[in-house]
Amino acid sequence: MATPLEEQLRRTPLFEQHAELGAKLVPFAGWEMPVLYEGIREEHTAVRTHAGMFDVSHMGEVEVEGPGALAFLQLLLSNDVSKIAVGGAQYSCICNESGGVVDDAFCYRLGTDRFLIVTNAANHEADLAWLGRWSRDHDVAVRDVADRYAMLAVQGPHARAVLSRALGIDLPDRFRVVARNVGRRPALICGTGYTGEDGVEMLIDPEVAIPIFEELRDAGVVPCGLGARDTLRLEVCYPLHGNELTPERNPIEADLGWCCKEATGFIGSSAIAAARAEDTAERLVPFTIEGAGIPRDGNPVLGAQGEHVGTVTSGTFAPSLGIGAGMAYVAAGLAEPGTEVEIDVRGKHRPARIASKPLYPR
Amino acid sequence: MAEANYPDDLRYHDQHDWVRVEGDSATFGITWYAQDTLGEVVFFEPPEGGTALTKDQPYAEVESVKAVSDVIAPMSGEVTEVNDALSDSPEQINEDPYGAGWLVKVTLSHPEEAETLLSAAEYQKLLDR
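Residue numbers restart at each chain and count upward from 1, following the sequence in its written direction. To label them, take the chains in the order written and letter them from A, then take the ligands in the order written and number them from 1. Since the coordinates come from a predicted model, pLDDT governs what is reported: local features require at least 70, and pairs of side-chain atoms require 80 or more to be given and counted, while whole-chain, interface and lining totals use all residues. Here the side-chain values reflect all heavy atoms present in the structure, with hydrogen atoms and water set aside.

**With respect to the overall build of chain A**
No. 1: From N to C terminus, chain A includes eight helices and 19 strands.
No. 2: As defined in this context, the radius of gyration uses C-alpha atoms, and a globule is described by 2.2 Å times the residue total to the power 0.38. For 362 residues, the compact-globule formula gives about 21 Å, and the C-alpha radius of gyration of chain A, at 21 Å, lands near that figure.
No. 3: Taking the principal axes of the C-alpha coordinates as reference, chain A spans close to 65 × 55 × 50 Å.
No. 4: Burial here depends on accessible area, computed with a 1.4 Å probe over protein chains only, as a share of the maximum for the residue type. Under 20% is buried, over 50% is exposed, and the range in between is partly exposed. Burial statistics for chain A: of 362 residues in total, 58% are counted as buried.
No. 5: Pairs of residues are marked as contacts when any of their non-hydrogen atoms sit within 4.5 Å. Looking at chain A alone, contacts between residues at least 24 apart form 66% of all its contacts between residues at least 6 apart. Secondary structure elements are taken from DSSP: a helix is a run of H or I of four residues or more, a strand is a run of E of two residues or more, and numbering for both begins at the N terminus.

Encoded structure:
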């Protein structure tokens, strides 16, 4: 049997900057990405207290355009797409027929018949194939426009002030998107993020990515890696596809029922309506470790008698909380905040408590 | 400690531990290279006092925000003291790996094992490979 060739890792337009800054680079979803520059905790704190920026150019973009775009996206996305005004943004799941989560994505309405969907890097190709397959029955064009953009997330309590001053542009409100020139090239600025802090995500021309990154760094915005991005999102309980969300789990058990509007008849809606009506066997919950220990993905969750009651999907040391914390799927009867459980961390049973969202309140 | 540093008076294990041998007892820790690779240590899980350690076997864990790493015993012996200060300030392992960041003190059961360990120069040669 032939050994497959090692896959060539892709690099973002900012790769040289990361290397120059001494970032620790790791493979992530087929990309060579910075996991940290100086340290996860410093970068995490910079975003909670000031302003940090993340190169998230590995994320994919899909443009959906045509007279049938709205009807098509109502079928493909779990939320009610008709509620997005032009210039608006909305979070959705993309589900399969059995209600499992194929991907989660932000959808931006750029025009009456023109939308942009930002996909997870690991799912981009599969999303394109899935959208392409369903688009045949609709008067719509589905285009992969991932190469058109570099994506920079600028997040933190001072992110907007520093950014608008440095680039001389006004910024969209939360969950809005505006077209602006950045580096004299057309760009989209989105009032969204994945950190629990205020800020924006910018889709910019790859050719100006380096000067813009440098300009923001000179203005005091701290370069942050995917390590801090993960601890930040986990503290505010944003799910990560591949960890909390999978094609085998439906949005109801993932506590994403709020972004599923079954009345629109989207793909998977009948399975999700049934899950909502019956309640699910397991629920996704946040938890904190009481005392020492750091939970990690895959750790078993144990009940009062030491019986297996669930599994950790994401676990880390939470820098803003100063303790081990994470998210886990647990038996629905144990999902109530305050419930005491134990996490089996490599054989050591660590006392833990089910918490409410978010773990880190702003 | 920002710059790589490997004191000449210590012995080194190829799994990135250092040993300060004093007669039949010794102090163990992890090297500058080990802490630099791991990143900021946020948790140290020590062995209990009295635990018997076997050379080349894991005896403790150090964790950074994203990763956990076993600490390998560079020599065999019994734990007589654990650096309790690390439970409140594990970052000492990064800041002062050969001083305040020491991990355990041990009564050696096979002091002759020291001969199998590396000198500072030999250890650095290993890192350069």
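What follows continues from the structure just given.
**Describing the overall build of chain B**
No. 1: From N to C terminus, chain B includes four helices and nine strands.
No. 2: Of the regular secondary structure in chain B, the N- to C-terminal order runs β-β-β-α-β-β-β-β-β-α-α-β-α.
No. 3: Computed over C-alpha atoms, the radius of gyration of chain B comes to 13 Å, within 12% of the 14 Å expected from 2.2 N^0.38 for 129 residues, which places it in the range of a compact globule.
No. 4: Considered along the principal axes of its C-alpha atoms, chain B spans approximately 35 × 35 × 20 Å.

**Some details on the interface of chain B and chain A**
No. 1: On the chain A side, the residues contacting the twelve residues of chain B number 16 residues.
No. 2: Taking both partners together, chain B and chain A bury about 1200 Å²; carbon and sulfur atoms supply 46% of that area.
No. 3: Should a side-chain nitrogen of Lys or Arg be within 4 Å of a carboxyl oxygen of Asp or Glu, the pair is scored as a salt bridge. Among the ionic pairs, B:Glu61 bridges to A:Arg346, the shortest N-O distance being 2.8 Å.
No. 4: In the analysis that follows, any N or O atom pair within 3.5 Å is treated as a polar contact, provided that within protein one partner can donate a hydrogen and the other can accept it, and provided that, for residues neighboring in sequence, both atoms belong to side chains. Where chain B touches chain A, the interface holds twelve residue pairs in polar contact (both at pLDDT 80 or more). A quick way to say it: buried area is the sum, across both parts, of accessible area lost when two parts are put together, with a 1.4 Å probe.

**Regarding the environment of A:Tyr149**
All names here are of chain A.
No. 1: You can see Tyr 149 is positioned in the loop between β8 (141–144) and β9 (150–155).
No. 2: Once the C-alpha coordinates of Tyr 149 and Pro 206 are considered, the two residues, 57 residues apart in sequence, prove to be 5.6 Å apart.
No. 3: Ignoring any residue separated from it by four or fewer positions in sequence, one finds Tyr 149 in contact with Glu 61, Leu 116, Leu 188, Leu 203, Ile 204 and Pro 206.

**Some thoughts on the sheet that holds strand β4 (residues 60–65) of chain A**
Residues and elements named next belong to chain A.
No. 1: The pairing criterion is simple: DSSP has to find at least two bridges between the two strands. The strand order β5-β6-β7-β4-β8 describes an open sheet built from five strands, whose pairing is antiparallel. Two strands close off the open sheet at either side, each with one partner strand: β5 (89–95) and β8. Each strand axis lies, on average, 30° off the axis of its neighbour in the sheet, ignoring direction.
No. 2: Where β4 and β8 come together, four bridges link them in antiparallel fashion. When the sheet's bridge partners are listed, Glu 65 is paired in β8 with Ala 141. Geometry is summarised by axes, namely lines fitted to C-alpha atoms with helices restricted to the contacting stretch, and by angles between N-to-C directions that run from 0 to 180 degrees.

**Regarding the domain arrangement of chain A**
All names here are of chain A.
No. 1: Domain annotation for chain A reports domain 1 (15–56 + 149–235), domain 2 (60–141) and domain 3 (281–354).
No. 2: Computed from C-alpha atoms alone, the centre-to-centre distance between domain 1 and domain 2 is 24 Å.
No. 3: Contact with domain 1, which involves twelve residues of that partner, is made by 14 residues of domain 2.
No. 4: Carbon and sulfur atoms supply 68% of the area that domain 1 and domain 2 bury against each other, a total of about 1000 Å² over both sides.
No. 5: Here domain 1 is connected to domain 2 by zero salt bridges.
No. 6: Inspection of the region where domain 1 meets domain 2 yields five residue pairs in polar contact (both at pLDDT 80 or more).
No. 7: Those elements that place two or more of their residues in the side of domain 1 that touches domain 2 are β11 (185–190) and β12 (199–204).
No. 8: By the convention adopted, Pro, Cys, Tyr, Trp, Phe, Met, Ile, Leu, Val and Ala count as nonpolar, Lys, Arg, Asp and Glu as charged, and the other residues, Gly among them, as polar. Tallied by class, residues from the side of domain 1 that touches domain 2 come to nine nonpolar, one polar and two charged. For every domain, the bounds stem from an assignment made automatically or drawn from a database.

**Thoughts on helix α6 (residues 209–218) of chain A**
Residues and elements named next belong to chain A.
No. 1: Residues of α6 that are buried include every one of Ala 209, Ile 212, Phe 213 and Leu 216, and no others. One side of α6 holds all its buried residues, which, seen down the axis, span an arc of 100°.
No. 2: Of the residues one or two after α6, Gly 220 is the one with positive phi, at around 100°. Working definition: the arc comes from the directions between the helix axis and the C-beta atoms, pointing outward to the latter.

**Concerning the environment of B:Pro7**
Residues and elements named next belong to chain B.
No. 1: Structurally, Pro 7 is set in the segment before β1 (11–13).
No. 2: Taking the C-alpha atoms as reference points, Pro 7 and Tyr 59, separated by 52 residues in sequence, lie 23 Å from one another.
No. 3: The residues touching Pro 7, leaving out its near neighbours within four places in the chain, are Tyr 12, Tyr 98 and Ala 120.

**A look at the nonpolar core**
No. 1: In these notes, a set of buried Ala, Val, Leu, Ile, Met, Phe, Trp, Tyr and Cys residues joined through side-chain atoms within 4.5 Å is what counts as a nonpolar core. By size, the foremost hydrophobic cluster in this structure holds 51 residues, and its most contacted members are A:Phe54, A:Tyr108, A:Leu116, A:Leu188, A:Leu203 and A:Leu256.
No. 2: When sequence neighbours within four positions are dropped, the list of residues in contact with A:Leu188 reads A:Leu110, A:Leu116, A:Tyr149, A:Val177, A:Val178, A:Ala179, A:Glu201, A:Met202 and A:Leu203.

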